[in-house]
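# Structural features, examined
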Amino acid sequence: MVFLVTVYIVLALYKSKAIKYNGIRGDYMKKILVLVFVGFMSMMILGCSDKALTTWDEIEERGYFIVGLDDTFAPMGFRDESGELVGFDIDLAKAVSEVLGVEVQFQPIDWDSKVLELNSGKIDMIWNGLTITEEREKEMLFSNPYIENAQIIMVLENSNIDSISDLEGLTLGVQISSAAEEAVLKNSVSTLLDELVKYDTYNTALLELNNGQVDAIVIDEIMGRYIMSQNPGEYIVASENFGEEAYGIGFRLNSEDIRDKINEALVQLVEDGIAKTISEKWFDEDIFVQ
């Protein structure tokens, strides 16, 4: 329809002699029509490429599934020194793709826009240390939980912060639209903070913590413990946390068929011992939820 209206307008301008190019209206008209056609076809191709798939048959027909992730979230999915995408969830998704006989593609996304990215069809699932929460369950389907987690308070080694109440009057950092932000806002201490600072990534939050711009950050225990293992003696964890939780893979609300297929593959990876091998590679122990 847009294409036909555009052509009609161009033809009308042509007939009214409003379009001229060095006195040769015909040649210029051809150029305009070609550009209009190319533009229309480009929009059609782009529109079709982002079609939201809802069944596993559609995934198989396409030949791959697309995983959306925050590529700064170690050790679940992040860039190594050479820029290669690595991590526990990366290895797990690759193993699932082998079990199911299709390829996997990874698409870094803006974590704050993850639900929009999912519903637009640009990605088929969110697989990157995604905490299962009541609020998120209103927006997406979840796989079976596969790793237990907690929202911990992480501070510099010389800090006296050891409980949630110790945060009163202080500046606290979280990642925007994260489970950490949700957990803090649900706690009464959120109204007693001097400021709750929200960052695009935890890498930025950690820099601000190191620079003294925030007094503490609330972060996934999985990520926090990994960072501490890579930076011994720099950080400590408070005795009290903001609650226990679990990670799951997020899907569109109408993608039960895709969700069920991924769940089946995860069960097979546990039975075959592959999930244990991947877990021991990244955590030195099997922390996969059985």
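### Let's talk about the sheet that holds strand β3 (residues 77-79)
Spatially, β2-β3-β4 is the arrangement adopted by the 3 strands of the open sheet, whose pairing is antiparallel. Sheet topology places β2 (72-73) and β4 (85-86) at the edges, where each strand pairs with a single neighbour. The pairing of β2 with β3 spans 2 bridges and is antiparallel. Across the sheet, the residue bridging to Phe73 is Gly77, located in β3.

### Quick word on the layout of surface pockets
For the largest pocket, the calculated volume is near 310 Å³. Every residue lining the largest pocket is counted, 16 residues in all, and those nearest its centre are Ala74, Asn203, Leu206, Ile227 and Asn231. Broken down by secondary-structure element, the contributors of at least two residues to the lining of the largest pocket are β3, α8 (202-210) and α9 (221-230). Across the lining of the largest pocket, the residue classes tally to 8 nonpolar, 5 polar and 3 charged. Reported here for the second largest pocket is a volume of approximately 190 Å³. Lining the second largest pocket are 13 residues, and of these Thr133, Ala183, Lys186, Glu244 and Glu245 sit closest to its centre. Every element with two or more residues in the lining of the second largest pocket is listed here: α7 (179-186) and β13 (244-247). Counting residues per element, the lining of the second largest pocket draws most heavily on α7, at 4 residues. Residue composition of the lining of the second largest pocket, by class: 4 nonpolar, 4 polar and 5 charged.

Cut-off values and rules
- Residues numbered from 1 in each chain as written.
- Predicted model: local features only at pLDDT ≥ 70, side-chain atom pairs only at ≥ 80, totals over all residues.
- Heavy atoms only, no water.
- Pairing = 2+ DSSP bridges.
- Helix = DSSP H or I, 4+ residues; strand = E, 2+ residues; numbered from the N terminus.
- 1 Å grid on protein atoms, 1.4 Å probe; cavity = no way out; pocket = protein on both sides within 12 Å on 5 of 7 lines; lining within 4 Å.
- Points joined across faces, edges and corners; volume = space filled by probe spheres on them.
- Nonpolar A, V, L, I, M, F, W, Y, C, P; charged D, E, K, R; others polar.

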